[in-house]
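# Examining the three-dimensional arrangement
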Amino acid sequence: MSASFLAGVVAGYGIAVPVGAIGALIAGLSARTSLRVGAAAGLGAATADGIYAGAAVAGGAVIAGVIAPIAEPLRWAGAVVLLALAGWTAWGAIRRPHTGARSERPVTAIRAYAAILGLTLLNPATVLYFAALVLGSGGAGGGVWFVLGAFLASASWQLLIAGGGSLIGRLLIGPRGRLLTALTSSAVIAVLALRLLLT
């Protein structure tokens, strides 16, 4: 049990720690809204990692074989969604100071969770990563303990990112600070989405 759990923790940190577009989105969302919303978004990413870890344990070779042929379209779809999010975030940040009103619906914790869960599930590399780990250990992925370890590791890292974003958001509370964090987040997400397209 403990070896499987530890293997899951290492695998969870391995997939979560490299900050990509999702991490930048979580930090930016937390900075612009609240720690509660950012934490919910982070838990959405961790849930997707847990789902993919579970899928890999349940049938890593089969799932990897099914996803491999559609990995390219999924990568493109993920990049397009991220570019749209980057543009939407930047547009909202630029428009808001001039209008003085928020015409869009406020971001809730549930909406943030669902959106980030969906975006993270668009990344086929995650299930391939977990499948490779499970297959590399001779198929002995550790079952539920491996999945639990991966989920908890990912969740702890995503919550750290959300907390950092919230702290930055408090430091940059004024309109210019919000504009700066939104535009920075948008730029980082756009660069990472373009990098996804070019790999």
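Procedures and definitions
Residues numbered from 1 in each chain as written. Predicted model: local features only at pLDDT ≥ 70, side-chain atom pairs only at ≥ 80, totals over all residues. Heavy atoms only, no water. Core = buried A, V, L, I, M, F, W, Y, C linked by side-chain atoms within 4.5 Å. Buried < 20%, exposed > 50% of the residue type's maximum accessible area, 1.4 Å probe, protein only. Helix = DSSP H or I, 4+ residues; strand = E, 2+ residues; numbered from the N terminus. Expected span 1.5 Å × (residues − 1).

## Some points on the nonpolar core
The biggest cluster of nonpolar side chains holds 12 residues, and these are Ile22, Leu25, Ile26, Leu29, Val37, Ala41, Ala45, Ala112, Ile116, Leu119, Ile161 and Ala162. Those elements giving two or more residues to this core turn out to be α2 (21–32), α3 (35–67), α5 (109–121) and α7 (143–171). Looking at this core element by element, the count peaks at four residues for α2. Ala53, Phe130, Ala131 and Phe146 belong to the second-largest nonpolar core, a separate cluster that totals 11 residues.

## Points about helix α1 (residues 2–16)
Taking 1.5 Å per residue, 15 residues should reach 21 Å; α1 reaches 21 Å between its end C-alpha atoms and fits that length. Looking at α1, one finds that the buried residues are Ser4, Gly8, Val9, Ala11, Gly12 and Ala16.

## Overview of α2
Helix length check: α2, at 12 residues, gives a terminal C-alpha distance of 16 Å against a target of 16 Å (1.5 Å per residue), a fit within 8%. Along α2, 11 of the 12 residues are buried, which leaves the element largely enclosed by surrounding structure. When α2 is considered as a whole, its buried residues turn out to be Ala21, Ile22, Gly23, Ala24, Leu25, Ile26, Gly28, Leu29, Ser30, Ala31 and Arg32.

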